[in-house]
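Here is what each chain is made of, one letter per residue.
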Amino acid sequence: DAWISHQQDVLEVMDSPQALVAELYKAADHANGVLDIMLEESIKKTDNDLVRPTSHHYDAVLKAWWNVCEYNDKYKMTKVNAPASNNGIKMKDFTKGVPQRAQRVLDQMEYQSNEIHDLQPSIESYNWVMDIWSKSNEHLKATMAQSIYGRLG
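The rules behind each value
Residues numbered from 1 in each chain as written. Predicted model: local features only at pLDDT ≥ 70, side-chain atom pairs only at ≥ 80, totals over all residues. Heavy atoms only, no water. Helix = DSSP H or I, 4+ residues; strand = E, 2+ residues; numbered from the N terminus. Buried < 20%, exposed > 50% of the residue type's maximum accessible area, 1.4 Å probe, protein only. Contact = heavy atoms within 4.5 Å. Areas by Shrake-Rupley, 256 points an atom, 1.4 Å probe, with all protein chains shown as cover. Phe/Tyr/Trp six-rings, centres within 6.5 Å; stacked < 30°, edge-to-face > 60°. Core = buried A, V, L, I, M, F, W, Y, C linked by side-chain atoms within 4.5 Å. Patch = residues over 30% accessible without salt bridge, like charges linked within 9 Å, V, L, I, M, F, W, Y side chains within 5 Å. Salt bridge = Lys/Arg side-chain N within 4 Å of Asp/Glu carboxyl O. Axes fitted to C-alpha atoms, helices over the stretch in contact; angles between N-to-C directions. Parallel < 35°, antiparallel > 145°, perpendicular 65-115°, else oblique. Left-handed = near helix turned anticlockwise from the far one by under 90°. Nonpolar A, V, L, I, M, F, W, Y, C, P; charged D, E, K, R; others polar.

### A few points about the overall build of the protein chain
Thinking step 1. Secondary structure summary: the protein chain contains six helices and zero strands in total.
Thinking step 2. The N-to-C order of helical and strand elements in the protein chain reads α-α-α-α-α-α.
Thinking step 3. The buried share of the protein chain, reckoned over its 153 residues, is 33%.
Thinking step 4. Taking the intrachain contacts of the protein chain between residues at least 6 apart in sequence as the baseline, contacts between residues at least 24 apart amount to 66%.
Thinking step 5. Within the structure as shown, the protein chain displays about 9700 Å² of accessible surface, and the carbon and sulfur contribution to it stands at 55%.

Spelled out as C-alpha cells, the structure:
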C-alpha cells in the first residue's frame with residue numbers, strides 16, 4: 001500500500017511541472033540544511049572525519065540548486081505559451097533567492113578550502129553557480145556571474 005501510494009505521488013509530481021520544481025526546491029533546501037548541520041558538527045568535533053563535509057557534499061548541494069533553476073527555466077510558462085493543461089496559469093518562479101544560497105555554499109567551500117585543501121571548488125562548482133545566476137531573474141545576475149568567473153583565475 002505504501003509503495004503504491006508513493007508511486008502515485010511520484011506520477012502526480014511528474015504530471016505537474018510546477019509540482020516537480022517545487023519538489024526539487026524542497027530537496028535542495030533539505031540538502032543545504034544537512035550541509036549546514038555537517039558544518040556545525042565538524043566545528044564542534046574537529047577530530048571526527050565522519051561529519052566533516054567533503055567537496056562531494058558541497059557539489060551535491062550546488063547541483064541540487066542548479067536542478068531547481070534548470071527545471072524552472074525548462075518549464076517556465078507564461079499565459080502566452082502555457083499549454084492548455086496548465087489553463088494558462090503562470091508558473092511560480094522558484095529561483096528567487098536560489099543564486100544567493102548557491103553563492104553562499106560556494107563561498108563556504110572556498111573559505112573551508114583554506115584549511116582543508118581537498119575542499120577546493122572544482123570548475124564544475126563555479127560553473128553551476130554561474131549558470132544558476134544566469135537562469136535567475138535577479139537584477140545583477142550578469143555582474144554576479146562575471147564576478148564568479150573572475151575568481152577562477
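The discussion continues.
### What about the packing of aromatic side chains?
Thinking step 1. Summed over the entire model, instances satisfying the criterion amount to one aromatic pair.
Thinking step 2. Summarising the aromatic geometry, the rings of Tyr 25 and Trp 65 are spaced 5.4 Å apart at their centres and angled 65° between planes, so their arrangement reads as edge-to-face. Of the two residues, Tyr 25 sits in helix 2 (residues 17-44) while Trp 65 sits in helix 3 (residues 55-75), which places them 40 residues apart along the sequence.
Thinking step 3. Residue Tyr 25 is classed as partly exposed on the basis of its relative accessible area, which comes to 23%.
Thinking step 4. The class of Trp 65 is buried, set by a relative accessible area of 0%.

### Some words on the nonpolar core
Thinking step 1. In terms of nonpolar packing, the biggest core is built from 28 residues, with Tyr 58, Trp 65, Val 129, Ile 132 and Ile 148 touching the most fellow members.
Thinking step 2. In this view, Val 129 contacts Leu 62, Ala 102, Gln 103, Leu 106 and Ile 148; residues no more than four positions away in its chain are not counted.

### Quick look at a nonpolar patch on the surface
Thinking step 1. Taken together, the side chains of Ile 123, Tyr 149 and Leu 152 present a nonpolar region at the surface, about 330 Å² in accessible area.
Thinking step 2. Looking at where Ile 123 falls in the secondary structure, it is placed in helix 5 (residues 123-135).
Thinking step 3. A residue is classified by how much of its surface remains accessible, and Ile 123, at 61% relative accessible area, is exposed.

### Overview of the packing of helix 2 against helix 4 (residues 98-113)
Thinking step 1. In contact at an axis separation of 12 Å, helix 2 and helix 4 are set at 25° when each is read in the N-to-C sense. Classified by the angle between their axes, helix 2 and helix 4 sit roughly parallel to one another. Seen along the crossing, helix 2 lies across helix 4 with a hand that is left-handed. Contacts between helix 2 and helix 4 involve Tyr 25, Asp 29, Asn 32, Leu 35, Asp 36 and Leu 39 from the former and Val 98, Arg 101, Arg 104, Val 105, Gln 108 and Gln 112 from the latter.
Thinking step 2. By residue class, the composition of the contact of helix 2 with helix 4 is five nonpolar, three polar and four charged.

### With respect to the environment of Ala 145
Thinking step 1. Position of Ala 145 relative to the elements: it lies in helix 6 (residues 141-151).
Thinking step 2. Sequence separation between Ala 145 and Tyr 126 is 19 residues; the distance between their C-alpha atoms is 9.2 Å.
Thinking step 3. Apart from residues no more than four positions distant in its own chain, Ala 145 is found in contact with Met 130 and Trp 133.

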